[in-house]
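Architecture at a glance
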Amino acid sequence: MSIEIRDIGKRFGSFVALHDVSLHIPTGELVALLGPSGCGKTTLLRIIAGMETADSGQVLFAGEEATHVHARDRNVGFVFQHYALFRHMSVFENVAFGLRVKPRRLRPAEAEIRRRVSDLLQLVQLEWLADRYPAQLSGGQRQRIALARALAVEPRVLPLDEPFGALDTKVRKELRRWLRRLHDEMHISSVFVTHDQEEALEVADRVVVMNQGRVEQIGSPDEVYTNPASPFVYQFLGNVNVFHSRVHGVWAEVGREHTAAVSAGEATAFVRPHDIEIEHRPVAGSLQATVQEVHAIGPLVRVELAHDSELIEVELTRERADVLALAEGQQVWLKPRQLRVFATPPPLLEEGGSGI
Amino acid sequence: MSDAALRRANAEPRWLRHLLLAVGLGFLFIFLLLPLLAVFTEAFSAGWRAYLRALQDDEARSAVGLTLLVAVLVLPLNVCFGVAAAWAITKFDFRGKSLLITLIDLPFAVSPVVVGLVFLLIFGAQGLFGPWLAANGIKIVFALPAIVLVTMFITLPFVARELIPLMEAQGKEEEEAAVSLGAPGWQMFRRVTLPNIRWGLLYGVILANARAMGEFGAVSVVSGHIRGETNTLPLHVEILYNEYNAVGAFASASVLALLALVTLAAKAIVEWRMRRETRMLTANLAAEQN
């Protein structure tokens, strides 16, 4: 089922959580709401689920007005960051809950409930835990049970609030791939909130990047990463080097062909660390820099260079680094393979500009 | 270094530990155990027969009956109020929330005698509603309604006080999950909230019950001490004692003391269950961090 968000606004006291956000989520897509904490993504998700009411705007489910429909009548199964499993119920009863609380005329017979719950437990590959209690499960198991519980009511939309946020890195990676496969089988429109750009880029069909209550960009993971619409998106999705063009005239010139309208004085150029080529000799449009530090991190080599007083980060493959044989204090020339120039100065972000 | 050695290194000297222990046990004996023993020795000082006779006395039986009746009437109301107040305070944000929390504690801060007087001033013959009540033939003061009202007032905070921190710690996510799964309000309360708070609720009820049955000051002011009618057990004890009927007074007092012991046992069991649930909850949270 498709979801349409129209000009949703929400305030908490004097804090504006959402500024007229509009968004379309097509049927069966897995959409990530991505942004730093406090950007309004969870509020938006809770408004979709009906747990929070918007001050203005509309929510439409499959084209139908749903703004004032109560959460219990929306038929969305919510998945929480901290699972929110019913602690005094067994795993089986947790999953059966949504079926048992249906009004009598809609409630399936006991045998049908048993069948559906065991099907769902099989789907999440935890049928052997049916008689356990939530306290006896690991975090990853709990989240899978929470998912089975949400799916039991055959939701029209599945909102997930930082579903992997409380798990350790390894479990998180496993679980998000598993979620992706599950989504491909079930095809329920799903919206998940995350502050982890890697997670959003890996799992989602579509990424909605949010900042300070506004949508910055909507697009496929590839689109938002390779073609960021704003300085914020550039900085939020991965590491980036920021150059103010009045300082780095040469680089702005390179950028000018992309954005002809920008005059040199007020422009800022963004280059990803892996989009910079290091050369031993000056070439056209290159910038001189001094190698300061070389770190090998897994398959990559990260080089920190100084140009005047500014630090530039470059990522190389190990092969390339071996060919270059960089040493500290060495003079080299940098040339961007790809860069973007924005007219506005970048907003102040946390150090480094990568995910929080 | 071994665990035992570590413990020895940072423990107090042996004589100090023994002194502290002796002081603690001494106080416990003088202030708690000795009075309890005294109650039972005095009650049985004239033998079993006199003890049983004192309890089978009509007035004593009526006092026990009234005390139980008051508790039975007050506790359900108390549970309703306590759950509703704790629910409102922990699951919603509203203006005046901290004022409500303070107001709930008011009965703890006010002297019971003052509470009794306030109810006299409101419902008594010379009171605010006195003439109207008299004109309509409704009897509140010096009758059961006033006893129930003041007991209600005195015991008001117990259940709410017990539930507020518990429900605050549990948060509202489970309720939100229940609602998102389509549970109507009552189903959510019965299947999710109530099982989560049941031990805390029971604990509050036990404390409220002990207070309801033992309340003296406030009840004394509004009851009128009508023998066989508006005398609760604590009032009955006082009357007998004033009449130099030591055996009768202490026999009735022993019933109250027994009640206290039962309450204590019930409290210990519930506390043990609550600790178990809390352990489960903390295990829950610990697993989340992993």
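Residues numbered from 1 in each chain as written. Chains lettered and ligands numbered in written order. Predicted model: local features only at pLDDT ≥ 70, side-chain atom pairs only at ≥ 80, totals over all residues. Heavy atoms only, no water.

A closer look at the overall build of chain B
From N to C terminus, chain B includes 14 helices and 0 strands. Mapped in sequence order, the helices and strands of chain B form the string α-α-α-α-α-α-α-α-α-α-α-α-α-α. Its C-alpha atoms give chain B principal-axis dimensions of roughly 65 × 60 × 30 Å. Taken across its 290 residues, chain B has 39% of its residues classed as buried. Carbon and sulfur atoms make up 69% of the accessible area of chain B, which totals about 16,200 Å². Taking the 23 positively charged and 21 negatively charged side chains of chain B as two groups, their mean positions are separated by 6 Å. (Helix = DSSP H or I, 4+ residues; strand = E, 2+ residues; numbered from the N terminus. Buried < 20%, exposed > 50% of the residue type's maximum accessible area, 1.4 Å probe, protein only. Areas by Shrake-Rupley, 256 points an atom, 1.4 Å probe, with all protein chains shown as cover. Lys, Arg positive; Asp, Glu negative; His and termini not counted. Charge placed at Lys NZ, Arg CZ, Asp CG, Glu CD.)

Overview of the sheet that holds strand β13 (residues 287-297) of chain A
Backbone hydrogen bonds hold the strands of a sheet together, and the pairing may be parallel or antiparallel. All names here are of chain A. In space, the 5 strands of this open sheet follow the order β12-β16-β13-β14-β15, with antiparallel pairing throughout. If you trace the sheet from one side to the other, it starts and ends with β12 (276-279) and β15 (310-317), each paired once. Strand after strand, the sheet turns through a mean of 45 degrees between neighbouring axes, direction not considered. As defined by bridge partners, β13 adjoins strand β16 (residues 331-336) across 4 bridges and the pair is classed as antiparallel. Looking at β16, one finds that T290 is bridged to Q331. (Pairing = 2+ DSSP bridges. Axes fitted to C-alpha atoms, helices over the stretch in contact; angles between N-to-C directions.)

Structural notes on the nonpolar core
Counting residues in hydrophobic clusters, the biggest one holds 60 residues, and the most contacted among them are I3, I5, L44, F61, F86 and F97 of chain A together with L163 of chain B. Ranked by residues supplied to this core, first place goes to helix α11 (residues 185-214) of chain B with 7 residues. When near neighbours in sequence (up to four residues on either side) are disregarded, L163 of chain B contacts G82, V83, A86, I197, G200 and L201 of chain B. V95, L158, A200 and V203 of chain A belong to the second-largest nonpolar core, a separate cluster that totals 48 residues. (Core = buried A, V, L, I, M, F, W, Y, C linked by side-chain atoms within 4.5 Å. Contact = heavy atoms within 4.5 Å.)

Describing the interface of chain B and chain A
Taken together, the contact between chain B and chain A spans 27 residues of the former and 31 residues of the latter. When chain B packs against chain A, the two sides together hide about 2,600 Å² of surface, and 55% of this comes from carbon and sulfur. Seen at the junction of chain B and chain A, the total is 2 salt bridges. Note that R87 of chain A is salt-bridged to E174 of chain B, the shortest N-O span being 2.6 Å. Sorting the residues of the side of chain B that touches chain A by element identifies α10 (173-180), α11 and α14 (246-289) of chain B as the ones contributing at least two each. Of the residues assigned to the side of chain B that touches chain A, the class counts are 12 nonpolar, 9 polar and 6 charged. (Buried area = accessible area lost by both parts, 1.4 Å probe. Salt bridge = Lys/Arg side-chain N within 4 Å of Asp/Glu carboxyl O. Nonpolar A, V, L, I, M, F, W, Y, C, P; charged D, E, K, R; others polar.)

Here we look at the pairing of strand β9 (residues 214-219) of chain A
Residue and element names in this part refer to chain A. Where strand β8 (residues 206-211) and β9 come together, 5 bridges link them in antiparallel fashion. Looking at the pairing, N211 lines up with R214 of β9. What sits between the antiparallel neighbours β8 and β9 is a turn of 2 residues, in which Q212 has the positive phi angle 45 degrees.

What to know about the sheet that holds strand β4 (residues 56-61) of chain A
All names here are of chain A. Strand order across the open sheet formed by 4 strands is β2-β1-β4-β5, with antiparallel pairing between neighbours. The open sheet has two edge strands with one neighbour each: β2 (15-25) and β5 (64-65). For strand β1 (residues 3-12) and β4, the ladder comprises 5 bridges, and the chain directions are antiparallel. Bridging across to β4, R6 finds its partner in Q58. Taken strand by strand, helix α1 (residues 41-49) contacts β1, β2 and β4, and its axis lies near 120 degrees from that of β1.

Description of empty space enclosed by the protein
All names here are of chain A. Summed over the entire model, instances satisfying the criterion amount to 4 cavities of 30 Å³ or more. Space inside the largest cavity adds up to approximately 80 Å³. As for the largest cavity, its lining consists of L30, L147, L151, L158, L160, L179, L182, H183, M186, H187, I188 and S190. Listing elements by their share of the lining of the largest cavity, those giving two or more residues are α4 (139-152), β6 (157-161) and α5 (169-186). Here the element with the most residues in the lining of the largest cavity is α5; it accounts for 4 residues. Classifying every residue of the lining of the largest cavity gives 9 nonpolar, 3 polar and no charged. In terms of lining, the second largest cavity is formed by V79, Q143, R144, L147, L160, P163, F164, L175, W178 and L179. By residue class, the composition of the lining of the second largest cavity is 8 nonpolar, 1 polar and 1 charged. (1 Å grid on protein atoms, 1.4 Å probe; cavity = no way out; pocket = protein on both sides within 12 Å on 5 of 7 lines; lining within 4 Å. Points joined across faces, edges and corners; volume = space filled by probe spheres on them.)

Quick notes on the side chain of R272 of chain A
All names here are of chain A. Structurally, R272 is set in the loop between β11 (268-271) and β12. One buried charged side chain, R272, makes no salt bridge at all; its nearest oppositely charged neighbour is D275, positioned 5.7 Å away. Within the structure, the side chain of R272 is placed 3.4 Å from the backbone oxygen of Y225, a separation counted as a polar contact. A polar contact is formed between the side chain of R272 and the backbone oxygen of Y234, at a distance of 3.0 Å. In this structure R272 touches Y225, P228, Y234, L237, G238, N239, V240 and N241, once residues within four positions along its chain are discounted. (Polar contact = N/O pair within 3.5 Å; in protein donor to acceptor, adjacent residues only side chain to side chain.)

Some points on the domain arrangement of chain B
Residues and elements named next belong to chain B. On domain assignment, one finds that chain B holds domain 1 (14-43) and domain 2 (48-289). Opposite the 5 residues of domain 1 that make contact, domain 2 presents 10 residues. Overall, the association of domain 1 and domain 2 removes approximately 610 Å² of surface from exposure, summing both partners, and the carbon and sulfur fraction of that is 84%. The interface formed by domain 1 and domain 2 includes 0 salt bridges. Summed over the shared surface of domain 1 and domain 2, the result is 0 residue pairs in polar contact (both at pLDDT 80 or more). (Domains from an automatic or database assignment.)

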